[in-house]
Amino acid sequence: MVDKGYSYYRTVIFTVMFVGYTLYYFNRKTFSFVMPSIMEEIALNKDDLGLITSSQSAAYAISKFISGVLSDQMSARWLFSSGLLLVGVINVVFSSSSTVTVFSGLWFLNGLAQGLGWPPCGKVLRKWFEPSQFGTWWAILSTSMNLAGGLGPIVAALMALRYDWRTTLSVSGFICVGASFVCLVLIKNEPSDVGLPNIEPGTMKGKKGSSRDDSTLAELLLSPYLWVLSTGYLVVFGVKTCCTDWGQLFLIQERGQSALVGSSYMSALEIGGLVGSIAAGYLSDRAVARVGLSSYGNPRHVLLLSMMAGMSASMYLFRVTVTSDSPKLWILILGAIFGFSSYGPIALFGVIANESAPSNLCGTSHAIVALLANGE
């Protein structure tokens, strides 16, 4: 009966968070989705567009860090739902605006609200899933971004056939507002909220007589491991960003490939990334189930380093073997391999940062590591 109770609440909570974070991400990108329609109505130059989009990026980096710290101090359910409500309201107000100054201000606020989304998800997942399941469900939840990013332009384009951009943003915003109340009702912070025993965090082998729940922020910040992890995340995310931002242009301008090959390469990279994220979570969970967690080394490290090696190899091959005469299939294979071996580590860095910290600081730990890369 207890197992059935866990199964039911896990299914409901995970589904609600998946849908909720899909809406978070969709409404983070709504301006990009409807940008062509906005430019037809309002005179915006490239500097205006850059100001609007960059204002959100800066706010998101700040907010995500603050949200990670707050998730250790307050209800993750309220934090997640409040952020989604704010995102919806901001999109509705944005739909009735018409000046660059207002657009930039609102999109900055949207970035602040967006940062409230992911840290509470990690907190809730850790409370509801065993250590040997945590990585898999973290990775699957992160694919909500791929779903929103892939379907978003299509949904926006279909709505543009019948409605203007203001309607698209307002409808999307109102859906967020409604969903925020559903999230508030259905998400539960931990099993004890519904009368079930809380799941004990994995026993850290190799530590004698010490509690992992009474650590202080100072001890966390002085941990060399945290900063090694942060540096690794920064390097991987930086290389991935360079490839996703400039890979298509490199193929077209430097290697004489067609625009179709360039866009196909990017699609292959994203598909490989989707598979890589889930594979990294699942395979590393198998390692945790087999040997358990240890204070002297996380079993996810082997897979993390292996995928980073694959990332380096695929990047090198992409740089030295691709020419104007290269088979198109080879280029797509390299894209898929790079996506697989870069998105996998990005998922693992988040998982390791969360579970390597004591439960009272897991949100803060992930916030510090993610701050350097502004990922997820």
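In this report, the structure presented in the accompanying data block is examined. No experiment lies behind these values; they were computed from the predicted model shown.

**Observations regarding the layout of surface pockets**
If you add up the space inside the largest pocket, you get close to 1,300 Å³. What lines the largest pocket is a set of 35 residues, and nearest its centre among them are Tyr 25, Lys 29, Lys 240, Glu 270 and Tyr 343. Of all the elements in the fold, those that place two or more residues in the lining of the largest pocket are α1 (2-28), α2 (30-41), α3 (46-71), α7 (131-160), α10 (224-254), α11 (259-291) and α13 (328-356). For the lining of the largest pocket, the residue count by class is 14 nonpolar, 15 polar and six charged.

**Examining the packing of α7 against α13**
Put simply, α7 and α13 touch, their axes get as near as 10 Å, and they point 135 degrees apart. Taken together, the axis directions place α7 and α13 in an arrangement best described as oblique. Regarding α7 and α13, the two cross each other, and that crossing is right-handed. Contact residues: α7 offers Phe 134, Gly 135 and Trp 138, while α13 offers Ala 347, Gly 350, Val 351, Asn 354 and Glu 355. Classifying every residue of the contact of α7 with α13 by side-chain character gives four nonpolar, three polar and one charged.

**With respect to the nonpolar core**
Grouped together as the largest cluster of nonpolar side chains are 54 residues, with contacts concentrated most on Ile 38 and Phe 94. Elements that contribute at least two residues to this core include exactly α1, α2, α3, α4 (76-94), α5 (100-114), α6 (118-128), α7 and α8 (165-186). Ignoring anything within four residues of it in the chain, the contact list for Phe 94 reads Phe 31, Ile 38, Phe 103, Leu 106, Trp 107, Trp 165 and Leu 169. Counting 34 residues, the second-largest nonpolar core is a separate cluster that includes Leu 251, Tyr 265, Phe 318 and Leu 334.

**A short note on the packing of α4 against α5**
At a minimum axis separation of 8 Å, α4 and α5 run at an interaxial angle of 165 degrees. Here α4 is positioned roughly antiparallel relative to α5, judged by the angle of their axes. Crossing angle aside, the handedness with which α4 passes α5 is left-handed. Contacts between α4 and α5 involve Gly 83, Leu 86, Val 87, Ile 90, Asn 91, Val 93 and Phe 94 from the former and Phe 103, Leu 106, Trp 107, Leu 109, Asn 110, Ala 113 and Gln 114 from the latter. The residue inventory of the contact of α4 with α5, partitioned by class, reads 10 nonpolar, four polar and no charged.

**Overview of the side chain of Ser 341**
Mapping Ser 341 onto the fold places it in helix α13. Residue classification places Ser 341 among the buried positions, given a relative accessible area of 4%. From its side chain, Ser 341 meets the backbone oxygen of Ile 337 in a polar contact 2.7 Å long.

**Side note on empty space enclosed by the protein**
Considering all chains together, one arrives at one cavity of 30 Å³ or more under this definition. The volume enclosed by the largest cavity comes to roughly 40 Å³. The greatest single-element share of the lining of the largest cavity, amounting to four residues, is contributed by α6. Residue composition of the lining of the largest cavity, by class: three nonpolar, four polar and one charged.

**Overview of a nonpolar patch on the surface**
A contiguous nonpolar patch, built from Tyr 316, Leu 317, Val 320, Leu 329, Trp 330, Ile 333 and Ile 337 and spanning about 640 Å² of accessible area, is present on the exposed surface. Elements that contribute at least two residues to the nonpolar patch include exactly α12 (300-321) and α13.

**Thoughts on the environment of Phe 65**
Positionally, Phe 65 belongs in helix α3. Classification of Phe 65 as partly exposed rests on a relative accessible area of 29%. Taking the C-alpha atoms as reference points, Phe 65 and Thr 364, 299 residues apart in sequence, are found 7.6 Å from one another. If we skip the residues at most four places from it in the chain, Phe 65 touches Ala 367, Ile 368 and Leu 371.

**Let's talk about the side chain of Asp 48**
Residue position: Asp 48 is located in helix α3. Take Asp 48: its relative accessible area is 18%, and that puts it in the buried class. In contact with Asp 48, not counting residues within four places along its chain, are Ala 43 and Val 100.

**As for the pattern of salt bridges**
Applying the stated rule across the entire model yields five salt bridges. One salt bridge in this structure joins Arg 166 and Glu 41, with 2.8 Å as the shortest N-O distance. Of this pair, Arg 166 sits in helix α8 while Glu 41 is found in helix α2, placing the two residues 125 residues apart along the sequence. Since its relative accessible area comes to 46%, Glu 41 is described here as partly exposed. A salt bridge links Lys 127 to Glu 190, with the nearest nitrogen and oxygen atoms 3.8 Å apart. Highlighted residues: Lys 127 in helix α6 and Glu 190 in the loop between α8 and α9 (217-221), separated in sequence by 63 residues. Given a relative accessible area of 27%, Lys 127 falls into the partly exposed group. When salt bridges that share partners are traced, they join Asp 285, Arg 300 and Glu 355 into one network.

Calculation rules
- Residues numbered from 1 in each chain as written.
- Predicted model: local features only at pLDDT ≥ 70, side-chain atom pairs only at ≥ 80, totals over all residues.
- Heavy atoms only, no water.
- 1 Å grid on protein atoms, 1.4 Å probe; cavity = no way out; pocket = protein on both sides within 12 Å on 5 of 7 lines; lining within 4 Å.
- Points joined across faces, edges and corners; volume = space filled by probe spheres on them.
- Helix = DSSP H or I, 4+ residues; strand = E, 2+ residues; numbered from the N terminus.
- Nonpolar A, V, L, I, M, F, W, Y, C, P; charged D, E, K, R; others polar.
- Axes fitted to C-alpha atoms, helices over the stretch in contact; angles between N-to-C directions.
- Parallel < 35°, antiparallel > 145°, perpendicular 65-115°, else oblique.
- Left-handed = near helix turned anticlockwise from the far one by under 90°.
- Contact = heavy atoms within 4.5 Å.
- Core = buried A, V, L, I, M, F, W, Y, C linked by side-chain atoms within 4.5 Å.
- Buried < 20%, exposed > 50% of the residue type's maximum accessible area, 1.4 Å probe, protein only.
- Polar contact = N/O pair within 3.5 Å; in protein donor to acceptor, adjacent residues only side chain to side chain.
- Patch = residues over 30% accessible without salt bridge, like charges linked within 9 Å, V, L, I, M, F, W, Y side chains within 5 Å.
- Areas by Shrake-Rupley, 256 points an atom, 1.4 Å probe, with all protein chains shown as cover.
- Salt bridge = Lys/Arg side-chain N within 4 Å of Asp/Glu carboxyl O.

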